[in-house]
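Here are the chains, one letter per residue:
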Amino acid sequence: LKSTVVITGASSGVGLYAAKALAKRGWHVVMACRNLEKAEQAAQEVGIPKDNYTIMHIDLGSLDSVRQFVNNFRASGKSLEALVCNAAIYMPLIKEPLRSPEGYELTMTTNHLGHFLLCNLLLEDLQKSSAADRRLVILGTVTHNPDELGGKIPPRPDLGNLEGFAQGFKPPISMIDGKKFEPVKAYKDSKVCNVLTMRELHRRYHDSTGISFTSLYPGCVAETPLFRNHYPLFQKIFPLFQKYITGGYVSQDLAGERVADVVAAPEYKQSGAYWSWGNRQKKDGKSFVQKVSPQARDDEKAERLWDLSEKLVGLE
Ligand code: NDP
């Protein structure tokens, strides 16, 4: 019997190529996507064999939809061996915050809160699987980390003391720190939350469940549609900048293989690890466990984020 992996946002970019790579390695991929037709077309375009994937609807920008997805997944009767939290939005040019049906700012909802709820619910399914090796992987990014070149460009992520979450995260509040809306910072803040969530999952559940919780920065995948909401000139120059200046550029195929390694290869099983592939650090592009940013390794913050996120998604 095939192992099953759920990948969110598998209709494009890193998620799509991770689906392709894992299908090639014999996994059954549940592509959890908001646009079913787009996902079907994408799967066909990259040549994933029909038997190796199932497309299921999820809108991570809606907590009800996340719960509905979990119900549908359970109704399918599949076991769950791995979950990849990959979907994200990046809206650098918007002036006013968009909102989820609950009224929460949409970047933080899609990237963090939706995934936080999904991880908590699917933990049960991962536990039920009889496989010895089960993994939960959350996509990180270099921009979460001001200690890195790619993380130094302002605005820097800053969760503050999570004042915005503590105050309920509804209008007029739009940022986790309760400060003025900044869409680029909202993305970076959400990615810090992704890393904090992975580390807190590890702290709470690794010993008792044996599940491995990991995160990775696959490199700069400059040609994914993540930058679709940026200026056209930026979209042209950014891949070249990454190729020739920072050396961080990776193809979508390679990024997908890296995710697949973290999901399936024995050497990436280490729970709590944040994987990175050297570009500036290591010339040969060999993977290593990287230290995350001071904010992302703050255990007290991780715990507070967990408690407040539980309240916001209604898990309490
Ligand atoms: P893409 O924009 O190509 O893919 C994002 C995916 O998320 C798409 O499938 C998109 O669906 C989906 N998505 C967006 N909103 C929702 C939603 N509300 N519900 C369900 N699915 C949704 O981006 P990338 O592939 O570049 O990024 C994927 C991950 O990799 C992100 O977590 C990102 O932070 C991370 N990453 C990317 C890097 C890069 O350089 N590109 C570098 C480091 C990390 P749809 O197709 O319908 O739009």
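Rules used in this analysis
Residues numbered from 1 in each chain as written. Predicted model: local features only at pLDDT ≥ 70, side-chain atom pairs only at ≥ 80, totals over all residues. Heavy atoms only, no water. UniProt positions renumbered as here; feature names shortened; annotations may be inferred. Pairing = 2+ DSSP bridges. Helix = DSSP H or I, 4+ residues; strand = E, 2+ residues; numbered from the N terminus. Axes fitted to C-alpha atoms, helices over the stretch in contact; angles between N-to-C directions. Contact = heavy atoms within 4.5 Å. Near = heavy atom within 4 Å. Polar contact = N/O pair within 3.5 Å; in protein donor to acceptor, adjacent residues only side chain to side chain. Areas by Shrake-Rupley, 256 points an atom, 1.4 Å probe, with all protein chains shown as cover. Nonpolar A, V, L, I, M, F, W, Y, C, P; charged D, E, K, R; others polar. Expected span 1.5 Å × (residues − 1). Buried < 20%, exposed > 50% of the residue type's maximum accessible area, 1.4 Å probe, protein only. Parallel < 35°, antiparallel > 145°, perpendicular 65-115°, else oblique. Left-handed = near helix turned anticlockwise from the far one by under 90°. Disulfide = S-S within 2.5 Å.

As named in an unreviewed UniProt entry, the chain is Protochlorophyllide reductase, taken from Anabaena subtropica FACHB-260. Here the chain is described in UniProt, under the heading Sequence similarities (unreviewed entry), as follows: "Belongs to the short-chain dehydrogenases/reductases (SDR) family. POR subfamily." Here is the UniProt Pathway (unreviewed entry) comment for the chain, exactly as written: "Porphyrin-containing compound metabolism; chlorophyll biosynthesis."

S.K.: Give a description of the sheet that holds strand β7 (residues 274-277) that names residues and reports values.
M.R.: Strand order in the open sheet made by the eight strands is β3-β2-β1-β4-β5-β6-β7-β8, with mixed pairing throughout. Two strands lie at the open edges of the sheet, namely β3 (53-57) and β8 (287-289), each paired on one side alone. Pairs of neighbouring strands in the sheet enclose a mean axial angle of 20°, with direction left out of account. Here strand β1 (residues 4-8) pairs with strand β4 (residues 82-85) via three bridges, running parallel. Counted as the bridge partner of Ile 7 is Val 84 from β4. Along the sheet, helix α8 (residues 252-264) contacts β1, β4, β5 (135-139), β6 (212-217) and β7; its crossing angle with β5, the most-contacted strand, is approximately 150°.

S.K.: Now, about the site of the ligand: what can you tell me, with residues and values included?
M.R.: Close to the ligand lie 30 residues, the nearest being Ser 11, Ser 12, Lys 38, Tyr 187 and Thr 224. The contact in question runs from an oxygen atom of the ligand to an N or O atom on the side chain of Ser 11, over 2.6 Å. Lys 191 places a polar side-chain atom, nitrogen or oxygen, 2.8 Å from an oxygen atom of the ligand. In isolation the ligand offers 900 Å² of accessible surface; the protein chains occlude 97% of this area. Secondary structure elements with two or more residues in the shell around the ligand: α1 (13-24) and α6 (183-209). Split into classes, the residues belonging to the shell around the ligand amount to 14 nonpolar, eleven polar and five charged.

S.K.: Can you lay out the side chain of Thr 209 for me, pointing to particular residues and giving the numbers?
M.R.: Here Thr 209 lies in helix α6. Polar contacts involving the side chain of Thr 209 include one to the main-chain carbonyl oxygen of Tyr 205, which spans 2.5 Å. Engagement of the side chain of Thr 209 in a polar contact is seen with the backbone nitrogen of Ile 211, the distance being 3.1 Å. Filtering out sequence-adjacent residues up to four positions away, Thr 209 remains in contact with Gln 127 and Arg 134.

S.K.: Account for α1, naming residues and giving values.
M.R.: Its twelve residues give α1 an end-to-end C-alpha distance of 17 Å, which sits within 8% of 16 Å, the value for a rise of 1.5 Å per residue. For α1, a buried count of ten out of twelve residues is recorded, marking the element as mostly surrounded by other parts of the structure. Turning to α1, its buried residues are Gly 13, Val 14, Gly 15, Leu 16, Tyr 17, Ala 18, Ala 19, Ala 21, Leu 22 and Ala 23. In this structure, the buried side of α1 is in contact with β1, β2 (28-33), α2 (36-45), β5 and α8. Phi turns positive one or two residues past the end of α1, at Gly 26, with a value near 95°.

S.K.: Let's hear about the packing of helix α4 (residues 106-128) against α6: which residues, and what values?
M.R.: In the contact formed by α4 and α6, the axes pass within 8 Å of each other and the chain directions differ by 15°. Comparing their axes, α6 and α4 come out roughly parallel. Of the two possible hands of crossing, α4 and α6 adopt the one that is right-handed. Contacts between α4 and α6 involve Thr 107, Met 108, Asn 111, His 112, Phe 116, Cys 119, Leu 123 and Gln 127 from the former and Ala 186, Tyr 187, Asp 189, Ser 190, Cys 193, Asn 194, Thr 197, Leu 201, Tyr 205 and Thr 209 from the latter. The class makeup of the residues in the contact of α4 with α6 is nine nonpolar, eight polar and one charged.

S.K.: Describe the state of the cysteines, naming the residues involved and giving the relevant values.
M.R.: Per the counting criterion, the structure on display carries zero disulfides. With no disulfide of its own, Cys 33 lies 13 Å from the sulfur of Cys 85, the closest cysteine sulfur. For Cys 33, a relative accessible area of 2% gives the class buried. Left unpaired, Cys 85 is separated from the closest cysteine sulfur, that of Cys 119, by 3.6 Å.

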